[in-house]
Amino acid sequence: MSKLISTKKILFMVLAIGLTIYGCDTFLNAPARGSLSEDVLSNQKGVETLLNGAYGALDGQAIVSDRSGATAPSNWVYGSIAGGDAHKGESIGNTAGYVLIGNMQANPSISYLNAKWKALYEGVSRTNAVLKLLPKVNDMDDNTKSEVAAEARFLRGHYYFELKKMFNMVPWIDENTKDLNQPNDTDIWPKIEEDFKFAIDNLPATQSDKGRVNKWAAEAYLAKTYVFQKKWQPAKDLYDEIIMNGVTTQGVPYGLFDNFWDNFNPAKEDGSPEAVFSIEMVANDGTGTTANANLGIRVAFPYNGPFSCCGYYQPTQDLVNSYRTDSNGLPMPDNYDSTPVNNDMQVADDAQFDPYSGSLDPRLDWTVGRRGVPYLDWGPYPGTAWAREPNNFGPYGPKKNVYWHAQQDQYADLNSWAPGTAINYNVIRFADVLLMAAETEAQLGNLEAARNYVNRVRNRSADTTSWVRNDLNKAYAVDVVDNEQDMLNSNAQPGDWVVRTDRNSTFYLLKGDPGDINNWNEYEEPNYVMNTYPGPWSDKNTALKRIYFERKLELAMEGHRFFDLVRWGIAEETLNSFYDYEGPFLNISTRDGHFTPNQDEYYPIPQNQIDLSVVDGKPKLKQNPGYN
Amino acid sequence: MGIMNKSTQNKKVKCFFWLKRMFPVTLFIMIFVGVSYGQNSFTVSGTVTEQSTSNPLPGVNILVVGTTNGTATNTDGQYQVNANSPNDSLRFSYIGYQEKIVPINGRHNINVTLSPSTFSGQEVVVVGYSSQERQNISGSVDIVDVDNLTTGTSGDVSKQLQGRASGVNVISSGQPGEDPMVRIRGINTFGNNSPLYIVDGVPTQSINNLNPDDVESMQVLKDAAAASIYGSRASNGVIIITTKNGGNEGVKVEYKGYASYDVPKGGNVWNILSPQEMADLKWQAIRNSGGNPAPDPQYGSGSEPVLPDYILPAGAMEGDIDPSSYYVVPEYSDAQLVNTFHQIVRANKSGTNWYDQIFSPALSMNHELAVSGGGENGSFRVSFSHLDRQGTLDRTYNRRSSIRANTQFNVNDNIRIGENMTFTVQQSPQVNALSEGSPIGMAYRSQPIIPVYDIKGNFAGSAGPQLGQARNPVAMLYRRRNNSAKNSRLFGNAFAEVDFLDNFTFKTNLGGELSSGTNHSFTYPEYENAENNTVNSFNANSSYGYNWIVTNTLDYKEMLGKVHSVEILLGTEAYQNRGQVVGGSTNDFFSFNPYYTNLSTGSGNKTNYSYIYDQRLLSLFGRVDYSYDNKYIFSATLRRDGSSKFENYKWGMFPAGSFAWRISQENFMKNVKWISDLRIRVGYGIMGNQLNVDPNNPYTLFAGNPASSYYPRTGSNNSVQLGFEQSRIGNPDAKWEKNKSGNIGIDATLFQDKLNITAEYYWKDIQDLLYNPELIGTAGTASQPYINVGNMKNKGVDATISTNGTLGGAWQYNASVNFTSYNNKIARIANNIEYFNQDSRRFSGSYIIRNEVGHAVSSYYGYKIDGFFNSQSEIDNLNASSPNGLYQNDARVGVYRYADINGDGQITPDDRTFLGNPNPDFTYGINFGLNFKNFDFSTFIYGSQGNDIWNQVKWWTDFYADFAGAKSKAALYDSWTPNNHDASLPIQSTGGGFSVSTVPNSYFVEDGSYLRVKNVILGFTLPNNVLSKVGISRLRLYAQVSNLFTITGYSGLDPEIGGTSTDFGIDEGSYASSRQFLFGINLSL
């Protein structure tokens, strides 16, 4: 090798490499796409949009990939199924975890609990994001900032309230928490109170956007927080003010709808006097999904009927029996189960069935689908024919979450395999406020005030105009006739019905030839007898028992029952006698139910979260008593 | 970041353009330099003959090594070629024969004999950025016999790799066009484990556009020493593919074509009961549960079930039905109309075989036409191919047309420029097999009493009580008929190469691809099922993407003295991958006519979406090879890679080194006649990976998501308002995964090249594995960042043995066996995370797969069955000795008794245990070929040993309580009864539960070992003297049977079950490979 060539060799190598790399480090900077950094949000518009995102977590959906029902804000699993209002329904092989929860056999590994935990903390985290960003915003005055902060803290209070009643001991994370792995060794009630108090102090009484929260909602939530802690006097002070002066975000004074049912009717949401704090749902919102369409309870429609899915959430016989009334039209808290309301479990779909003729509270038939009774405007409920596994879960269907036939194009959202609806979920409705106020007054010994509140609630449903009537069957009847011959001449198919104005009843074609009268089942209007409590209440315990029972009737299937039973301290006796009563009717479902005191009051901390909290070999999160 | 600062942006843009400009600039420099250092030529001629017969060999390729100068022998086996200098070497290659490299050494006449191929140490193979003689490779490189690849007929190169190279595991299915799972030496990461393919110097993740006949050579780089020069993306192994170029003489036209006939499995593949047996099972199960089955809506109210004449209306008999009341509008647009339908469905009492209804024999064909040629100034090869591969599952296929043009020009004696370019158009609609919701899933879920069609010829389904909720699979496939998925891809490279200063070669290569795809699908409303989709909707999307890569290498090669051989390679590389996708959907169409439906004509909600991606890499690399007297071979590589996916640690360094000792070259071995070649190799190095990281990983980000963060603040019932949520938590500190791997190998060529053995042992320790561990719930649900926490280990043995020879006379044979094994273990996942679960299927909340430290990926986890509870007293006794008085939840007579693994006297979640895993102990391929005169015969056998399968199909078919679908013979005849304790299934009852099938248990695990005769081929080449008269140089006809038979104990359809890296081997209805009969023709002019 000559020296000359060696130099050239070296020269070329250096040249080639140098040319390629020179000045190109910035080539590797690829900015994020399709997302925003915090800087871009640090202004009024950004923070308000972030706040709307914090509202967006209220429905619990599209946040955690698990069963939508596990994170439903209505707590239909954790409140109503667990509280004995309903069975899981559907089929036994599916979502077995719901059955375990319904039987108080929840264990820390049930993924649904982890999903609920995560969905709620996502809500917390979104509110914290708002509160963290606020100080960095320069184009807002302090007043507006406080209002935004108040809304965020109201929502945070709500998310923590849910966590508290589900899991009791939970870690507190706020906008100042640096290490998000915090222990659950402190009672967070005081923190929740603080959030609601801040909200009361800084929120306006009305809002231009109906779906936002206001000062009165915050008062009602704080009062509920007091009631859960048995702080009766502060609760009473708030309730007096709320019931006297409270208004909705739209400025409508708090009150009860004329019709019980209007609470579950999207057409009546605007101007509702009863919606204190409701989670807004929409249908056909243009997203092509049902994520904002009350997705959490989409599986809870009767099966085999006009709804595309799924047969979950079947009311219990015990709940149905609760609506029996005595001859005075009053509930029978002590012996409602003495005689069951008869059902069609042992009756073939095409055999004759005579619905219960004893006296009933009319709210039953706005709460439960049962054979022979108008199911909104969908016709007489066919009973077990619409149950997926009646032997396991009974013959009944849910109703408060179901849309009307006449409204289906508007309020049902069929962009998925199960229907979404625009039916809002009322976290707190005014009837609930009145009954909590009644409870508060009774605890303080003001039994007459308590009775008045209860009667105000009962009075609404005692009004005959709000009852389920035979007329409901008219809209989609195959015929409305005033004589038998016209009915026999109709071209009804099995499953069709004819309304008979001459008998104020509905005839349902069970099978075969409509010309044969024996193929028809006549359903008469149920025998509703309901009155307010007369005369003064004298005994505190009796008063409380009546108030508790009134809550069961008024708020059944709305996700409250289990949490009420726990805070009243009667979960053990109530649920265990429920299992004893209900179990023998069914093959599966409640057969194995058992409430264990000092354990089942709260759900277990999800095992997954405990595992994730391990630091140096030790978990920071502590499991609730009784679970391991 | 949402907004970039301006100066960065400007700089970036400049740099970007600069990189692209670099290609022509370097090209110019090279031409300039190359011209100045041009050399004179030296002519060589001679004859090539076949070793054993001494017949002249026509068509042998001859190449001047290190150049593209070359030619081919004529019909008399003669050639003439121009070399650059008397010191060059010539490479003689001919398909089916050992390649030979002969130094010219100043001779003008060189005669050569070639022997049939087995192994040749002098074979030149393409490895990282350059070519090397095989005997000088010290890393682990498996050279795939490309001829064998084309005998498979899936049309997919990567599928045909199965069993063809040691160290490579391939799991594929019978679905045309589906990318198989390809794994090189085990599992390297929790994310993407696909190897890196380098096609003509251009990296890509998928080679499904490649026509197997276009492949000239294929090398698998298995260890770090071989692969780490591809640093950044080499961790999963590298497969280097070179496509064919033209010969050096005249014009040659080749036609290859075949037609094939695929026959699916027949018979009752899932052992489904007849309708009467289904009814019997149902009643038995209800009675077993203490219930009374009568009255039953379908089976009457007698003491035994009676099949109805009609299932809709339920249980109706002839005479009950008034056909005039039938009312169904199959293509309805008002979603609510379905509630007014009155469908009449006759029971299929003899039973519908749903598998037969959706699988049928399929006729496929493939044509390829190639024109190639060349001369002193260059060469070309243009090929056109058309594949029409029909799947046995109706309406699945792979249609692919491609055109390839490879050209090379010798501008000068020392300058070569060229390009390889292919354009492919592909259409391959596929089903998502291995899932309950696919048409295959629906086929085993649909009850046999349901007919395919109702009385008026519309579809029948599960509508009606007690018929389950499966969808009619025939209808599902029919409704996909107008859906379309088309992709086109332009892929290739252009290069320029210059030799200068005697020892230097500079090469610049610009490669890349341009791809676009468009899909549209229409969803029809359904009316026949229990759970109908009632809306009609239309989805469409289209994607556009491109990536480019610029590589510059400078290669210096010199012999220093007589014994020191040195090669130094330096290179740089820049890569960018960009693209975007736009799509939308709408619904509510006035007409479903496919000519009418598009995104504009739907009257319902219109949604749209789009996204853009952009990733970049920048690299510097170098390699030094040194060999002393062809005895001691050292190689060292170093690569430095930068990735845009990382923020604070963009750059990673990937070194590797290897050493080979050719013992046979030592003097003391020279006398050992039976050893032709013997080498020992060791290598160690680090490879990198960043495939699994989201490009946004470094950043904390916010975004709006209509589903999760929008809210109807105004209280509206039909509109939502924008809301933001935190979408990602950033980790600016993520860095490269490091795959540290070592390799020890031995290569031996024995008995005069008759027997070749390669055996290797390897170990890999993959550190800083990028994993996105679940964050604690209190952190919210924003996407968790990838962090470098994991650690995985693999070790195993690969081996290949091959032999060839003659059996006297004209009988020639060759045989080879390859063996692949890996042992995978997860060594670490993340802080405090010992495992992560995957795949719950129908076990709601319990998971089948547990990836746990100390175990192989994708391990099955659950309760181990320890017989049945045969009596109440057995249960009572167990309860009595249990600490809580309860041995097992849900225990009752006749259900599974689980093993008390931890011995605490009760069954708790702690008693779950590992039940197997889908990783095979080893896999093997056996190839055997036999030639007799003009006949050739070959067969290929592939096998996998020790892989377990989770047969989830059994969940649906074997337990009465699990969904009311079709049930199996086992459910009725092999379940526990008071008289049959020796059963495999628990008592059939209406209640499932913990002790039956609601938690994963060992019932579902089966041994999936198998041996499959993948190919048997018989070919006949017409004699030359016949052909030459009609101007044909070669004509071969052949017949082939693929998947002739499979020996396995697995009860499912097919034991080859794929999935994802950390979750595979779960069979929930597979698209099985079918038996294929094929006739083909190869013709050369």
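Note that the structure is a prediction, hence the values are computed from the model and not measured.

### Description of the overall build of chain B
Link 1 in the chain: When you go through chain B residue by residue, the secondary structure sums to 13 helices and 54 strands.
Link 2 in the chain: In terms of overall size, chain B behaves like a compact globule, its C-alpha atoms giving a radius of gyration of 32 Å where 1085 residues would be expected to give roughly 31 Å.
Link 3 in the chain: Considered along the principal axes of its C-alpha atoms, chain B spans approximately 100 × 75 × 70 Å.
Link 4 in the chain: When each of the 1085 residues of chain B is scored for burial, the buried share is 59%.

### A look at the sheet that holds strand β53 (residues 1066-1067) of chain B
All names here are of chain B.
Link 1 in the chain: Taking strand neighbours across the sheet as the criterion, the 3 strands line up as β48-β47-β53 in an open arrangement whose pairing is mixed. Each of the sheet's edge strands pairs with one partner strand only, and the pair in question is β48 (1005-1007) and β53.
Link 2 in the chain: Sheet analysis places strand β47 (residues 948-951) next to β48, joined by 3 bridges and oriented antiparallel. The residue bridging aspartate 948 from the neighbouring strand is aspartate 1007, located in β48.

### Describing the confidence of the model for chain B
Residues and elements named next belong to chain B.
Link 1 in the chain: Model confidence for chain B is summarised by a mean pLDDT of 87, while 94% of its residues fall at 70 or above.
Link 2 in the chain: Long-range and interchain partners of residues 1-19, a stretch whose pLDDT sits below 50, account for 29 contacts in this model, where long-range means more than four residues apart.
Link 3 in the chain: The model gives residues 30-39 a pLDDT under 50, and that stretch makes 22 contacts with residues more than four places away or in other chains.
Link 4 in the chain: Taken over the whole predicted complex, pTM reads 0.85, whereas the ipTM for its chain interfaces reads 0.93.

### Observations regarding helix α9 (residues 215-228) of chain A
Link 1 in the chain: Between its first and last C-alpha, α9(A) extends 20 Å over 14 residues, near the 20 Å set by a 1.5 Å rise per residue.
Link 2 in the chain: Taking burial as the measure, the 14 residues of α9(A) include 13 buried ones, the bulk of the element.

### So, the sheet that holds strand β9 (residues 479-481) of chain A
All names here are of chain A.
Link 1 in the chain: Here 4 strands make up an open sheet; going across it, the order is β9-β10-β11-β12 and the pairing mixed. A strand with exactly one partner marks an edge of an open sheet, and here the two such strands are β9 and β12 (520-524). Ignoring which end each strand starts from, the neighbouring axes of this sheet average 25 degrees apart.
Link 2 in the chain: Pairing between strand β11 (residues 505-509) and β12: 5 bridges, direction antiparallel. Of the residues in β12, the one forming a bridge with tyrosine 508 is asparagine 521.

### A few points about unusual backbone geometry
Link 1 in the chain: Put simply, A:Cys309 and A:Cys310 share a cis peptide bond, and its omega is -25 degrees.
Link 2 in the chain: With respect to the element layout, A:Cys310 can be found in the loop between β2 (275-279) and β3 (312-315).
Link 3 in the chain: Omega for the bond connecting B:Leu312 with B:Pro313 falls within 30 degrees of zero, at -5 degrees, which places this linkage in the cis form.
Link 4 in the chain: Residue position: B:Pro313 is located in the loop between β18 (310-312) and β19 (345-346).
Link 5 in the chain: Unlike most non-glycine residues, B:Asp839 shows phi in positive territory, near 65 degrees.
Link 6 in the chain: By relative accessible area, B:Asp839 is classed as buried at 18%.
Link 7 in the chain: Look at B:Arg841: it is not a glycine, yet its phi comes out positive at around 45 degrees.
Link 8 in the chain: Within the secondary structure, B:Arg841 sits in the loop between β39 (835-838) and β40 (849-852).
Link 9 in the chain: B:Arg841 gets classed as partly exposed once you look at its relative accessible area, which sits at 26%.

### Brief notes about the packing of helix α8 (residues 189-202) of chain A against α9(A)
To describe two helices that pack against each other, one gives the angle between their axes and the distance between the axes.
Residue and element names in this part refer to chain A.
Link 1 in the chain: Across the interface, α8 lies against α9 with an axial gap of 8 Å and an inter-helix angle of 160 degrees. Judged by the angle between their axes, α8 and α9 are roughly antiparallel. Every pair of crossing elements has a handedness; the one defined by α8 and α9 is left-handed. Contacts between α8 and α9 pair Trp189, Ile192, Glu193, Phe196, Lys197, Ala199 and Ile200 from the former with Lys215, Ala218, Glu219, Tyr221, Leu222, Thr225, Tyr226 and Phe228 from the latter.
Link 2 in the chain: Taken together, the residues of the contact of α8 with α9 sort by class into 10 nonpolar, 1 polar and 4 charged.

### Digging into the interface of chain A and chain B
Link 1 in the chain: Contacts between the two partners involve 104 residues from chain A and, on the opposite side, 109 residues from chain B.
Link 2 in the chain: Between chain A and chain B lies a buried interface of about 9,300 Å² when both sides are counted; carbon and sulfur atoms form 59% of it.
Link 3 in the chain: Considering only the surface of chain A that becomes buried against chain B, A:Phe27, A:Leu28 and A:Arg33 emerge as the three largest contributors, covering 9% of it.
Link 4 in the chain: In this structure, the connection of chain A to chain B is made through 5 salt bridges.
Link 5 in the chain: Salt-bridge contacts for B:Glu725 lead to A:Arg126; the nearest nitrogen and oxygen are separated by 2.5 Å.
Link 6 in the chain: At the surface where chain A touches chain B, the tally comes to 25 residue pairs in polar contact (both at pLDDT 80 or more).
Link 7 in the chain: Elements that contribute at least two residues to the side of chain A that touches chain B include exactly α1 (3-21), α2 (38-41), α3 (44-56), α6 (111-133), β2, α14 (408-411), α21 (607-612) and β13 (614-615) of chain A.
Link 8 in the chain: Looking at the side of chain A that touches chain B, the element that brings in the most residues is α1(A), giving 10 residues.
Link 9 in the chain: Classifying every residue of the side of chain A that touches chain B gives 49 nonpolar, 37 polar and 18 charged.

### Considerations on the nonpolar core
Link 1 in the chain: Within the largest apolar cluster, 172 residues are counted, with the highest numbers of intra-cluster contacts made by A:Trp76, A:Tyr78, A:Phe154, A:Tyr239 and A:Tyr603.
Link 2 in the chain: Sequence-distant contacts of A:Trp76, that is, excluding residues within four places in its chain, are made with A:Gly69, A:Ile81, A:Tyr98, A:Gly296, A:Ile297, A:Val299, A:Tyr312 and A:Tyr313.
Link 3 in the chain: Ranked by size, the runner-up nonpolar core spans 82 residues in total, among them B:Ile311, B:Val345, B:Ala460 and B:Ile949.

### With respect to a nonpolar patch on the surface
All names here are of chain B.
Link 1 in the chain: Together, Leu369, Val382, Phe384, Ile403, Phe423, Val425, Leu490, Leu514 and Tyr544 make up a nonpolar patch on the protein surface, roughly 720 Å² of accessible area in all.
Link 2 in the chain: Secondary-structure elements contributing two or more residues to the nonpolar patch are β21 (378-390) and β23 (415-427).
Link 3 in the chain: Tracing the backbone through its elements, the reader meets valine 382 in strand β21.

Definitions and limits used
- Residues numbered from 1 in each chain as written.
- Chains lettered and ligands numbered in written order.
- Predicted model: local features only at pLDDT ≥ 70, side-chain atom pairs only at ≥ 80, totals over all residues.
- Heavy atoms only, no water.
- Helix = DSSP H or I, 4+ residues; strand = E, 2+ residues; numbered from the N terminus.
- Rg over C-alpha atoms; globule rule 2.2 N^0.38 Å.
- Buried < 20%, exposed > 50% of the residue type's maximum accessible area, 1.4 Å probe, protein only.
- Pairing = 2+ DSSP bridges.
- pLDDT = per-residue confidence, 0-100.
- Contact = heavy atoms within 4.5 Å.
- Expected span 1.5 Å × (residues − 1).
- Axes fitted to C-alpha atoms, helices over the stretch in contact; angles between N-to-C directions.
- Parallel < 35°, antiparallel > 145°, perpendicular 65-115°, else oblique.
- Left-handed = near helix turned anticlockwise from the far one by under 90°.
- Nonpolar A, V, L, I, M, F, W, Y, C, P; charged D, E, K, R; others polar.
- Buried area = accessible area lost by both parts, 1.4 Å probe.
- Salt bridge = Lys/Arg side-chain N within 4 Å of Asp/Glu carboxyl O.
- Polar contact = N/O pair within 3.5 Å; in protein donor to acceptor, adjacent residues only side chain to side chain.
- Core = buried A, V, L, I, M, F, W, Y, C linked by side-chain atoms within 4.5 Å.
- Patch = residues over 30% accessible without salt bridge, like charges linked within 9 Å, V, L, I, M, F, W, Y side chains within 5 Å.
- Areas by Shrake-Rupley, 256 points an atom, 1.4 Å probe, with all protein chains shown as cover.

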